[in-house]
Amino acid sequence: MDHFFFKRKRNNEVKYSEACSSSTVGSGSVNSDNIEKNIDSNLQTSSSFEPHFKKKKVSARRYNEDYLKYGFIKCEKPFENDRPQCVICNSILANESLKPSKLKRHLETQHVELIDKPLEYFQRKKKDVKLSTQFLSCSTVSEKALLSSYLVAYRVAKEKMAHTAAEKIILPACLDMVRTIFDDKSADKLKTLPSDNTVSLRICTIAEHLETMLISRLQSGIDFAIQLDESTDVGSCTLLVYVRYAWQDDFMEDFLCCLHLTSHLSGLDIFAELEKCIVGQYKLNWKNCKGITSDGTADVTGKHSRVIKKLLEVTNHGAVWNHCFIHHEAFASREIPQNLMEVLKNAVKVVNFIKGTSLNSQLLETFCSEMGTNHTHLLYHTKVRWLSRGKILSRVYELRNEIHIFLVERKSHLASIFEDDIWVTKLAYLTDIFSILNELSLKLQGKNSNIFQHVERIQGFRKTLLLWQARLKSNHPSYYMFPRFLQHIEENIINETILKEIKLEILLHLTSLSQTFNLFFPEEKFETLRENCWVKDPFAFRNPESIIELNLVPEEENELLQLSSSYTLKNDYETLSLSAFWIKIKEDFPLLSRKSILLLLPFTTTSLCELGFAVLTQLKTKERSGLHGAADMRVALSSCVPDWNELTNRQAHPSH
């Protein structure tokens, strides 16, 4: 008998293999669809043998009301039909456990103290379980709707959108998508998402939550550094403050506060407002402030202003004041020889003429579009933002032919300057040099950059200026560093004498740049960095002789010697940021870590404040000048991630 079944099984296997091989031979390549069809047809022919291999069908057990005496009811959760649920611990067992012996065993092993309880006891427990199940089902739905409303409001604030966007754009779009992909019933569930007023409430709640999260971290006594900058927005003077602090694995940079001030306040009044917020409202200790960075303007945030003086006093002069590197670079780049300055002024006049009226701007845009140029409009020159000159000069130079034709058609006297080859040649140089300065400015921006990186970039640029001067002074001057200028003199016939005069003006400008950069970034300013060069690369000091020259205390020397000898930590140094590396080893090397963190903690620029002003301008238009937008700014700029569980545990709407 066993031999008979074995033979039938082998026949099925042979048919299966024949199906696979026949499909392969017939097509020349493996075709999965043909294989499946052949297999199915062959297996159907052998259906008479299937009963020998079918597993015995197990029927689902049914719940009996008598099982309540063991403390079990029928589970009423979706997809959990015919499964027993304990009324004591709410455990849901498998359907196979619907046997009196198994249910009794659960009671005797898990709830031995309830073995002798009467049936009435379990009946009362049954009512409690049903009520809690119904409440849980309702609360789950409401919690999801609440969380959804918070997520929508969070996205609206992060993208700096109007609060009506949720009701007018996001919700209708979601309804369309869900109705199309699923059904109307599913789409109706989305109608609980927030309206305009609810979005405002949600954003305020999220902002308050993020502010509390940030302040609780700072109140723990950790060191922090701040950057502050002021600007005049629509209708008032605004002071923005950002904070940097060590948290978990690395530095965190976050928006601290936005103070709306009247323009006639003195330095002491501004400090009083700042003190009221930082100390009075947030309960922070100025002694934990280890760095202050500002843009250096004399009236409010300059080194000699009353605000900075008072801040240094309240920190017991334990904080380091830094002048924003980007503002220093902007000041250094302002020195331009008179002849080149005239070229810049004329370029600005051209921009103002075209951008001054909407008609001229639209006509130029239409004209450039018809000409097929890459750009169709000019950019404004402004002294408020850093180094806008590079952008406007680049656009003017690229559109010089189109602008010339346009100005001729408009019968403007400015058309004549584009007919002067010398002026256009100088414009090409200014476009190149200010584009290079723009690139340097961008490298000094960004989050979590450290002072060593910025100093290296400044010093590298100073050496580059010296190299360029040497190139121009040689018997065979080279202009490879100015690509537009080089292309222009190669494509156009420039008189040799005139080219030498232009070269002298360029050389004079580069010399002036070197002098001003040396003035704003003197070597003695970076003396502290040279003394603590081990912070940048502690593994460069493996020899005891090199460590002795660093003027460290004996305990610090010992830590540095041990640290520089660790190949494991060197791998961490190569993979982590500099700040993250020193934070990671603070337990093993506390002295060096503390010293390094204090050196790296202060900001070197106020670029985050500039970012904040850009967001404030976007949120606060003339039409909404009465809106301070503090909550929207907090959510848009915060680096903290909301704890959604904590938020959804609050009430859906505040009590009135």
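Residues numbered from 1 in each chain as written. Predicted model: local features only at pLDDT ≥ 70, side-chain atom pairs only at ≥ 80, totals over all residues. Heavy atoms only, no water.

In the annotation of an unreviewed UniProt entry, the protein is listed under the name Family with sequence similarity 200 member B and assigned to Rhinolophus ferrumequinum.

With respect to the pairing of strand β5 (residues 250-261)
Counted only if it meets this: The buried label applies to any residue whose accessible area, calculated with a 1.4 Å probe on protein chains only, is under 20% of its type's maximum; exposed applies above 50%, and partly exposed to all values in between. Where helices and strands are cited, they refer to DSSP runs of H or I of at least four residues and of E of at least two residues respectively, numbered from the N terminus. Two strands qualify as a pair provided DSSP detects at least 2 bridges between them.
Taking burial as the measure, the twelve residues of β5 include nine buried ones, the bulk of the element. Two elements, strand β4 (residues 237-247) and β5, share eleven bridges in a ladder whose sense is antiparallel. Bridging across to β5, Leu240 finds its partner in Cys258. Counting the residues in the hairpin turn of β4 and β5 gives two residues, including Gln248, whose phi is positive at 60°.

Brief notes about the environment of Ser512
Position of Ser512 relative to the elements: it lies in helix α18 (residues 496-520). Its relative accessible area of 17% is what places Ser512 among the buried residues.

Describing the packing of aromatic side chains
Heads up, the condition is: Working definition: a ring pair exists when centres of Phe, Tyr or Trp rings (six-membered ring for Trp) sit within 6.5 Å. Plane angles under 30 degrees give stacked, over 60 give edge-to-face, the rest tilted. Both a distance and an angle decide whether a charge sits over a ring: NZ of Lys or CZ of Arg must be within 6 Å of the ring centre and within 35 degrees of the ring normal.
This model, assessed by the stated rule, comprises 20 aromatic pairs. Taking 5.2 Å as the distance between ring centres and 70° as the angle between the ring planes, the aromatic pair formed by Phe418 and Trp423 counts as edge-to-face. A cation over a ring is seen here: Lys117 above Tyr121, with NZ or CZ 5.1 Å from the ring centre. Arg400 extends its terminal NZ or CZ atom over the ring of Tyr397, reaching a point 4.0 Å from the ring centre.

Quick word on unusual backbone geometry
Positive phi, close to 55°, is recorded for Lys160, a residue that is not glycine. If you trace the backbone, Lys160 turns up in the loop between α4 (119-158) and α5 (165-181). Residue classification places Lys160 among the partly exposed residues on the basis of a relative accessible area of 25%. The phi dihedral of Asn551 is positive, around 60°, even though this residue is not glycine.

Points about the nonpolar core
Proteins that are soluble and globular tend to have nonpolar side chains buried together. The test is simple: Here, the term nonpolar core denotes a set of buried Ala, Val, Leu, Ile, Met, Phe, Trp, Tyr and Cys residues that are joined through side-chain atoms within 4.5 Å. Contacts between residues were defined by any pair of non-hydrogen atoms, one from each residue, lying within 4.5 Å.
Residues Phe482, Phe485, Leu510 and Trp582 are the most contacted members of the largest nonpolar core, which totals 85 residues. For this core, the element with the highest residue contribution is helix α15 (residues 421-443), accounting for eleven residues. The contact partners of Phe482, leaving out residues within four places of it in the chain, are Tyr429, Asp432, Ile433, Ile436, Trp468, Ile506 and Leu510. Among the nonpolar cores identified, the runner-up in size contains 49 residues, and Leu214, Leu218, Val241 and Ile278 belong to it.

Let's talk about the pattern of salt bridges
To keep it simple, the criterion reads: Only one rule defines a salt bridge in this text: a Lys or Arg side-chain nitrogen within 4 Å of an Asp or Glu carboxyl oxygen.
In this structure the tally under the stated criterion is 16 salt bridges. Between Glu523 and Arg462 there is a salt bridge, with its nearest N and O atoms 2.9 Å apart. Remark: Arg462 occurs in helix α16 (residues 451-473) and Glu523 occurs in the loop between α18 and α19 (527-531); sequence separation between them is 61 residues. Judged by relative accessible area, Arg462 falls into the buried class, the value being 13%. If you follow the salt bridges from partner to partner, you end up with Arg462, Glu523, Glu527 and Arg530 in one network.

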